[in-house]
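The residues making up each chain are set out below.
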Amino acid sequence: MVAWVSRFFRTIQAKLIIIYVLLILIAMQLIGVYFISTMKDLFTTNFTDDLNKTASIVQLLAAPKLEENEGTPDQKLRDELNNILQTLFTMNGVEIQVLDDTGRVLATSVQAHRSYIGRKNTETVVSRALQSIPENEEDIIDEHNVRKKVMAKPIMANSADGGVVGAVYIVASMEDLYETIDSINQIFLSGMIIALGLTAALGIILAHTITQPITEVTRQAAKVAEGNFEGTVPVLGNDEIGHLSEAFNHMTRRLQEALSVNEEENEKLASILTNMSDGVIATDEHGRVILLNRGASELLGMKECDAEGKDIAQMLNISPDVLQKRVGGQVNWMLLPYSSYMDEGGAAGDHESILRVTFSPIHRRGEGTTGTIFVLRDVTEQEKLDQSRREFVANVSHELRTPLTTIKSYTEALDDGALDEPELAGRFVGVIRNETERMIRLVTDLLHLSRLDSKQSSLRMQLTDVSELLDEAMDRFSFQFRKKRIDARLEIESGIESLVMDRDQIDQVLDNVLSNAVKYTPDHGTIRLRAVWTEGHNMVAVTVEDNGMGIPKKDLARIFDRFYRVDKARSRGMGGTGLGLSIAREIIRVHGGTITIDSEWEQGTKVTFTIPAVVPTKEDAVGHLEEKDNLSQPKLIEEGSD
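Along every chain, residues carry numbers that run from 1 in the direction the sequence is written. Selection of residues for local features in this predicted model requires a pLDDT of at least 70, selection of side-chain atom pairs for listing and counting requires 80 or more, and totals for whole chains, interfaces and linings are taken over all residues. Hydrogens and waters are ignored; side-chain quantities use all the structure's heavy atoms.

Engineer: An account of the sheet that holds strand E14 (residues 526-534) is needed here, citing residue identities and associated values.
Structural biologist: Strand order across the open sheet formed by five strands is E12-E14-E15-E17-E16, with mixed pairing between neighbours. Every other strand in the sheet has two partners, leaving strand E12 (487-492) and strand E16 (595-600) as the edge strands with one partner each. With direction set aside, neighbouring strand axes in the sheet form an average angle of 15°. Contact criterion: two residues are considered in contact whenever any of their non-hydrogen atoms come within 4.5 Å of each other. Note on geometry: axes are C-alpha line fits, over the in-contact stretch for helices, and angles between N-to-C directions span 0 to 180 degrees. Only runs of H or I of at least four residues qualify as helices and only runs of E of at least two qualify as strands under DSSP, and these elements are numbered from the N terminus. Strands in contact with helix H15 (residues 503-520) are E14, strand E15 (539-546) and strand E17 (604-612); relative to E15, the strand with the most contacts, it is inclined by about 25°. Packing against the sheet, helix H18 (residues 580-590) makes contact with E16 and E17, and its axis sits at approximately 140° to E16. By the convention used here, strands pair only if DSSP detects at least 2 bridges between them.

Laid out in structure tokens, this is it:
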């Protein structure tokens, strides 16, 4: 209860009521003080005037009689004066005495005080009156605690000398006067209490009309603060509070619209951050992580819940000084080698990557830098591609420089006189011819590979007999087989008859693979060329297997790279360009197949490529195939000529 009362008196409604009642109370107090003071003065003045009039009448009536009997008042005079006082001036609470010039009482209007006759009145006002002072009055309180008005007037002789022959002494009780004033005060006080009660009631009603809309605004503001924009504040009038209600409703609608737009933008931003491939990390001014999107989580191999609150410098393994210089410097990015230790399923794993980290400080007006945005991009493949391009340019330069250097050397030798020796000149010309042919093969392979990369190489698709294709390939290398006494065998699974392919390009693949097998297979070795069904008769796998020197495990991953050689000196000496397997891979890809190599060092190598047992459409020249049963009549598609 006490708490409720305390809360109530802290409300605007209670304050308005108290202020209203206090204003009315102060106003009524001022009015009451003025009214009562004026009324008291008026009553007192009227009372005094009545006494003065009475005294004047007594003076007129008593003066002739006192003048006739001046000096020796007799009983007759006393009786006449008493008769006048008792006949004309019998007033309740008022005693009138007629005194002679010595101050002795000659007559009194109160029968109970007849014993005062003959006695001398020693009051101060009487002495003053006998001294011819006309105005002599005072207020006293007698022994019974009764307020009285005492007044004495001199009685002047009507003769020429006009001396004082006596005095009129009046004592009047003011009890009735003050009782009247007290009654009026009680009536006024009762009226004031009733007025204050009505004022309080009206104040409550008035305060309610003022505070109720404010209470509604407060209640609705609390709902808005909690995110509930459904209700509105009722507009109860066209006054200031009504305008406040209208303004609040308008503000609520605008705020709802702004929050809706903000939520939509936040959802878009969250969707963008979640689905963008780049990683985004936000930190506060102390470098602690406050936001980590899914891309950054995958790049760093770290869960979002584990990253929040971590120091960004420790998380990225960057020195804080270096990080500060990058954030505030002109170069706002850096390449960062990073090892993550979490695979997609959350299990432990190891992944080496190169991240490009871009720094963007967050500035807030008046507060300076309040955080930093880190954008992470995995540039591992791009860096590998750039490295491959650099290696490719270096390899091409090296491959071209070697024959050009040889040609230049032998040309200078011919200029220096070797041309005059026919045998030496012929040998030099032969070397120049071989190196020139080697350059031509290298350039031809590069052009071919470039056309395959840019998808400018058109396929001349035709129905080709697989058995005939492989037989002719074996025949082309029969001389090398016999020369090195290699046991070469051809095996074709039953049911494999004809496939749709570019015969010339598949011949080139077979020549590249068989040529490598012959080069790296020792004398008396074995080479197996076989064709089998795979993937449920949807593909034909062609395998070239030898028992040659093989390929080390470390080189298998790069064996299809351009200009890559396991034994560079030996490969170059055998006339290879280092592009054969790269060209073979691109040709097989264009046909919609795959090519793989399995090898063990000093045990042999097995190269397998597949050709779809379907009919490619025009778009399939770049890798899209339309299935067709190999045993049915295939559809032939011509793609133009080279």
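The structure having been displayed, the exposition proceeds.
Engineer: Before we move on, could you go through the sheet that holds strand E5 (residues 164-173) and cite the residues and values that matter?
Structural biologist: Strands sit in the order E2-E1-E5-E4-E3 across an open sheet of five strands; the sheet is antiparallel. Each end of this open sheet is capped by a strand with a single partner; those strands are strand E2 (105-108) and strand E3 (137-141). Each strand axis lies, on average, 20° off the axis of its neighbour in the sheet, ignoring direction. Across seven bridges, the pairing between strand E1 (residues 94-100) and E5 is antiparallel. Opposite Glu 95, over in E5, you have Val 171 as the bridge partner. Against the sheet, helix H2 (residues 12-68) makes contact with E1, E2, E3, strand E4 (147-156) and E5, and its axis sits at roughly 35° relative to E4, the strand it touches most.

Engineer: Quick rundown of the nonpolar core? Include the residues and the values.
Structural biologist: Definition of nonpolar core: a set of buried residues of the types Ala, Val, Leu, Ile, Met, Phe, Trp, Tyr and Cys, connected through side-chain atoms within 4.5 Å. The cut-offs for exposure are 20% and 50% of the maximum accessible area for each residue type, with area from a 1.4 Å probe on protein chains only; residues under the lower value are buried, those over the upper are exposed, and the others partly exposed. By size, the foremost hydrophobic cluster in this structure holds 50 residues, and its most contacted members are Ile 506, Leu 510, Ile 527, Val 542 and Phe 609. Counting residues per element, this core draws most heavily on H15, at seven residues. Each residue touching Ile 527, except ones within four places of it in the same chain, is listed here: Phe 481, Ile 486, Asp 487, Ala 488, Arg 489, Leu 514, Ala 517, Val 518, Thr 521, Val 544, Glu 545 and Asp 546.

Engineer: Kindly report on the packing of aromatic side chains, identifying the contributing residues and their values.
Structural biologist: Here is the rule: rings of Phe, Tyr and Trp (six-membered ring for Trp) pair when centre to centre is within 6.5 Å. Planes less than 30 degrees apart are stacked, more than 60 are edge-to-face, and the remainder are tilted. Within this structure, the stated rule accounts for four aromatic pairs. Taken together, a centroid distance of 5.4 Å and an interplanar angle of 85° make the contact between Phe 359 and Phe 374 edge-to-face. Here the residue Phe 359 occupies a position in strand E9 (residues 351-364), and Phe 374 occupies one in strand E10 (residues 368-378), the gap between them amounting to 15 residues. For Phe 359, a relative accessible area of 1% corresponds to the buried category. Classification of Phe 374 by relative accessible area gives buried; the value is 1%. Above the plane of the ring of Tyr 178 lies Arg 147, whose end atom (NZ or CZ) is 4.2 Å from the centre. Whether a charge lies above a ring is judged from NZ of Lys or CZ of Arg, which has to be within 6 Å of the ring centre and within 35 degrees of the ring normal.

Engineer: Run through the pattern of salt bridges, naming residues and quoting values.
Structural biologist: Salt bridges are identified by distance alone: a Lys or Arg side-chain nitrogen within 4 Å of an Asp or Glu carboxyl oxygen. Throughout the structure, instances matching the rule amount to 21 salt bridges. Here Arg 489 ties to Asp 487 by a salt bridge, and the two come within 3.3 Å at their closest N and O atoms. Residue classification places Arg 489 among the partly exposed residues on the basis of a relative accessible area of 43%. Owing to a relative accessible area of 29%, Asp 487 belongs among the partly exposed residues under this scheme. Between Arg 530 and Glu 545 there is a salt bridge, and its shortest N-O distance comes to 3.1 Å. Separated by 15 residues along the polypeptide, Arg 530 in strand E14 and Glu 545 in strand E15 bring together distant segments of the chain. Under the relative-accessibility criterion, Glu 545 is labelled partly exposed at 31%. A single salt-bridge network, built from bridges that share partners, covers Glu 472, Arg 476, Arg 503, Asp 507 and Asp 511.

Engineer: So, the packing of H2 against helix H3 (residues 75-88): which residues are in play, and what are the values?
Structural biologist: For the pair H2 and H3, interaxial distance at closest approach is 11 Å and the crossing angle is 170°. What the angle tells us is that H2 and H3 run roughly antiparallel. Contacts from Val 58, Leu 61, Ala 62, Lys 65 and Leu 66 of H2 reach H3 at Leu 77, Glu 80, Leu 81, Ile 84, Leu 85 and Leu 88. Per-class residue counts for the contact of H2 with H3 are nine nonpolar, no polar and two charged. In what follows, roughly perpendicular refers to angles from 65 to 115 degrees, roughly parallel to angles under 35, roughly antiparallel to angles over 145, and oblique to any angle outside these ranges. The residue classification treats Ala, Val, Leu, Ile, Met, Phe, Trp, Tyr, Cys and Pro as nonpolar and Asp, Glu, Lys and Arg as charged. All others, Gly included, are polar.

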